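Residues per chain, in single letters:
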Amino acid sequence: MLAELNYFYGKPTTIGQYKQKFEDFVVTEDLGFELTNDGEHVFVFLEKCDCNTIFVAEQLAKYVGISAKFVSYAGLKDRQAVTQQWFSLHMPGQATPDFSNFNLDGCKILKVTRHNKKLKIGALKGNYFNINLTSLSDKSEIESKLALIKQFGVPNYFGEQRFGREQNNVIQAIKWANGEISVTDRKKRSFYLSAARSAIFNNIVSQRIAQNLHQTVLDGDILQLAGRGSWFVAQAEELPSLQQRVHQGEINITAPMVGDSPLGTTSVAFEFEQSCLQSWSNFNSLFAKERVETARRSIVVYPSQLSWQWLDDNNVNLKFYLPSGCYATSVIRELIIGSE
């Protein structure tokens with residue numbers, strides 16, 4: 001599915017690899033807010049390697065003697081990487097545990113404090129990435145594309161991990177929408193709906209790229225102020241000035257995370273999105289039944305603080321920051337034909 005999506009700068013010809021070692025892919029969470037150092041929730045900042053987030057949460061709960069349902073985190077982090085992330089443990093009226101004897105292979109506790117609110121899914125500002133691309137076949141192509149990415153960004157595609165192993169979550173969502181299966185498990189319902197909406201978003205972004213519209217404001221587009229959630233609809237008389245603001249990075253063009261509520265676009269942009277959605281019409285009744293709200297997401301993401309250092313002619317180290325919900329693999333995809 002991802003292989004079929006279009007590229008901003010053309011399909012890369014450089015062969016390369018990443019994640020050959022855990023240390024080749026390092027992720028550090030940025031919550032984006034200060035912790036209060038007191039309150040009902042114990043916050044644990046933990047570095048993990050070759051461990052999935054849910055398993056670590058369960059082990060933390062077991063260690064302090066609470067149910068796993070009282071442990072939360074801002075997001076799932078890759079198992080095949082070195083990741084630093086926060087966990088919150090709801091422990092009202094209890095002393096902060098001593099974690100000096102917490103022993104879990106691949107895990108190291110870096111900091112413990114308290115906060116007055118639970119850490120919820122998505123409640124982080126973004127992530128810092130430190131990634132090694134290895135065994136590269138063409139240094140010059142990587143250099144030229146990194147310069148373009150720094151200026152113009154990359155498609156804000158959802159990455160493979162959103163869709164499950166071998167796209168299983170999307171496959172099951174299609175079967176569910178077609179009435180071939182019923183889904184009663186609450187978590188599976190959420191995973192399948194999320195995967196379907198993400199696949200539809202990716203497809204719309206890819207179609208804009210195919211028509212060279214990913215940096216062109218259409219009459220009726222929904223535009224988002226960069227770094228903020230507020231948005232507005234593009235009016236025909238404002239297109240020249242809005243186009244300039246897009247090129248300056250002040251505003252971003254969005255595509256829908258489709259649900260049961262209206263798209264919000266009008267005129268040319270609405271017609272474009274409607275044409276893209278025709279092949280996904282089998283989901284209309286499911287989204288209505290599940291009362292899924294339509295949302296908007298920028299079609300471009302700009303990796304901030306992007307820098308790179310060549311370790312030698314075939315290996316490069318990348319450092320950059322992405323907002324919450326954006327995928328480093330969307331950056332890597334523009335650079336190499338490769339594998340983990």
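Each remark here, short or long, concerns the structure printed above.
Rules behind the numbers
Residues numbered from 1 in each chain as written. Predicted model: local features only at pLDDT ≥ 70, side-chain atom pairs only at ≥ 80, totals over all residues. Heavy atoms only, no water. 1 Å grid on protein atoms, 1.4 Å probe; cavity = no way out; pocket = protein on both sides within 12 Å on 5 of 7 lines; lining within 4 Å. Points joined across faces, edges and corners; volume = space filled by probe spheres on them. Helix = DSSP H or I, 4+ residues; strand = E, 2+ residues; numbered from the N terminus. Nonpolar A, V, L, I, M, F, W, Y, C, P; charged D, E, K, R; others polar. Core = buried A, V, L, I, M, F, W, Y, C linked by side-chain atoms within 4.5 Å. Buried < 20%, exposed > 50% of the residue type's maximum accessible area, 1.4 Å probe, protein only. Contact = heavy atoms within 4.5 Å. Axes fitted to C-alpha atoms, helices over the stretch in contact; angles between N-to-C directions. Parallel < 35°, antiparallel > 145°, perpendicular 65-115°, else oblique.

**Q** Where do I start with empty space enclosed by the protein in this structure?
**A** Any empty space left between the atoms is revealed when a probe the size of a water molecule rolls over them. With the rule as written, the count across this model stands at 1 cavity of 30 Å³ or more. Roughly 50 Å³ of volume is contained in the largest cavity. At 3 residues, the largest contribution of residues to the lining of the largest cavity is made by strand β11 (residues 251-257). Residues that form the lining of the largest cavity fall into these classes: 6 nonpolar, 3 polar and no charged.

**Q** What's the story with the nonpolar core in this structure? I'm lost.
**A** Nonpolar side chains in soluble globular proteins generally cluster together in the buried interior. Core analysis: the largest hydrophobic core is formed by 73 residues, its most contacted members being Phe-25, Leu-133 and Phe-320. Of all the elements, helix α4 (residues 186-210) adds the most residues to this core, at 10 residues. In this view, Phe-25 contacts Tyr-18, Lys-19, Gln-80, Ala-81, Val-82, Phe-129, Asn-130, Ile-131, Ala-328 and Ile-332; residues no more than four positions away in its chain are not counted. Judged by nonpolar contacts, the second largest core, of 19 residues, contains Val-42, Leu-46, Tyr-73 and Phe-102.

**Q** Sorry, what's going on with the layout of surface pockets here?
**A** Reported here for the second largest pocket is a volume of approximately 270 Å³. Lining the second largest pocket are 17 residues, with Val-258, Gly-259, Gln-274, Leu-277 and Asn-284 sitting closest to its centre. The set of elements that each furnish at least two residues to the lining of the second largest pocket consists of α6 (267-277) and α7 (284-290). It is α6 that contributes the most residues to the lining of the second largest pocket, 3 residues altogether.

**Q** What am I meant to see in the packing of helix α3 (residues 168-177) against α4 here?
**A** For any two helices packed against each other, one specifies the crossing angle of their axes together with the interaxial distance. Contact pair α3 / α4: the axes reach a minimum separation of 8 Å and the direction vectors enclose 100°. Between α3 and α4, the interaxial angle falls into the category roughly perpendicular. Residues Asn-169, Val-170, Gln-172, Ala-173 and Trp-176 of α3 pack against Arg-189, Phe-191, Tyr-192, Leu-193, Ala-195, Ala-196 and Ala-199 of α4. Looking at the contact of α3 with α4, its residues break down into 9 nonpolar, 2 polar and 1 charged.

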